[in-house]
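Understanding the architecture of this molecule
Residues per chain, in single letters:
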Amino acid sequence: MDAMMKRLQSIEERYNEINEEMMSPEIVSDPKRLAKLGKEQASLKQSVEAYEELKGLNSHIEQAEEMAKEHDPELKEMAQMELEELLPKKEALIAKIEVLLIPKDPNDDHDCIVEIRGAAGGDEGNIFAGDLYRMYVRYAETQGWKIQVLEMSESEAGGFSMISFLVKGDEVYRQLKFESGAHRVQRVPKTETQGRIHTSTATVLVLPDAEETDIEIDPADLTFETHRASGAGGQHINKTDSAVRIVHVPTGITVNCQEGRSQHENRETALRLIRARVFEELNRQKEEEEGAVRRAKIGTGDRSEKIRTYNYPQNRVTDHRIGFTINQLDRIMEGKLDDVIAALLAEEQRQKLAGENNA
């Protein structure tokens, strides 16, 4: 309890510090720093409010305990009644504070970039990649999020061999971060004449949309090339060098963008993608160097890890990492992902709490 109170006190001190910083002319004139401080303050607000409530409860409990020592039977009874009301309140508040004090993933409030690729199964894998894209678009609509396609390679049979898109909104990365991995589909493809069920896969990669304040990339580490865009895309294709390829030399990460109507647009998109991918790679390297395994990591987040199966004949979706099954595949594919995402977030919280208690 003492450790919790000390931690809450330091959070309150930081909250008050931010208040003062945000009023200084230096910060007010710097929109980026102001926005960053505002985000940090918002993340501390609930803990500060809970701390104030806990201090108030502790004060009332102390008064009631003092009153219970009186010789007057009526006062004793009043004190006992008050304690019977206050102690369960304190217990519930402490449980709430324990959850609030769980270390948060610093990327949870970021927008994110999602990349889907058709994998095993040829045309059917690409068609399924298209189905997953539509599923995420519909889910985004229910959340009031916005989607912007960044890169796209359509498949002749339908769907995409690859599509990447930006998702913008509140706590987007928090809700979509567990989608990374191999998604497996079991169904009868449209091209199958004998009605046999095939198994195909598409891979999903979810990256936090790294802001310029998250990572500084030395321009000298980037090489830029322009070339003519290829494939379908209208009359401008192959007439100008509008496509942009960027390589981050230290990591070898390469991005190629040609969906935009101008070289400027493609350059902006490519820089955004390179920033997100380098940010993720540097975080991965840092964890490896420290020998750190992220607490409450549900799965590895690797593209190769089979995370979920979509079984069409049985209308069933199973998330293998948490043993979660729901017989509502038709609803899931329409973007009704709330139950699956809620189960993943609940497991993340359970594991974090267990990690905190074992620390």
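First things first, this report covers the structure right here in the doc. This is a predicted model, so every value here is computed, not measured. (Residues numbered from 1 in each chain as written. Predicted model: local features only at pLDDT ≥ 70, side-chain atom pairs only at ≥ 80, totals over all residues. Heavy atoms only, no water.)

**Considerations on the overall build of the protein chain**
Our working definition: The secondary structure listing takes helices from DSSP runs of H or I that are at least 4 residues long and strands from runs of E that are at least 2 residues long, numbered from the N terminus. Throughout, exposure labels follow a simple rule: accessible area from a 1.4 Å probe, protein chains only, divided by the maximum for the residue type, with under 20% read as buried, over 50% as exposed, and the rest as partly exposed. Contacts are residue-level and defined by heavy atoms, with any inter-residue pair within 4.5 Å sufficient.
On a plain count of helices and strands, the protein chain comes out with 9 helices and 11 strands. Across the 359 residues in the protein chain, those meeting the buried criterion constitute 40%. A sequence separation of at least 24 residues applies to 62% of the contacts in the protein chain between residues at least 6 apart.

**With respect to the pattern of salt bridges**
For the record, the criterion: Here, a salt bridge means any Lys or Arg side-chain nitrogen found within 4 Å of an Asp or Glu carboxyl oxygen.
A complete count under the given rule lists 23 salt bridges for this structure. The shortest N-O distance in the salt bridge between Lys-89 and Glu-85 comes to 3.7 Å. Of this pair, Lys-89 and Glu-85 both sit in helix 4 (residues 73–100), separated by 4 residues, roughly a single helical turn. Take Lys-89: its relative accessible area is 46%, and that puts it in the partly exposed class. Measuring nitrogen to oxygen at the nearest pair gives 2.8 Å for the salt bridge that ties Arg-187 to Asp-131.

**A closer look at the sheet that holds strand 7 (residues 243–248)**
For the record, the criterion: At least two DSSP bridges between two strands are required for those strands to pair. Axes here refer to lines fitted to C-alpha atoms; in helices the fit is confined to the stretch in contact. Angles between the N-to-C directions go from 0 to 180 degrees.
Taken together, the 3 strands give an open sheet; going across it, the order is 6-7-8, and neighbouring strands pair in antiparallel fashion. Edge positions in the sheet fall to strand 6 (222–227) and strand 8 (253–257), since each of these pairs with one other strand and no more. On average, each strand axis in the sheet is tilted by 15° relative to the strand beside it, whichever way the strands run. Bridge analysis of strand 6 against strand 7 gives 6 bridges, and the strand direction is antiparallel. Counterpart to Glu-225 in the pairing with strand 7 is Arg-245.

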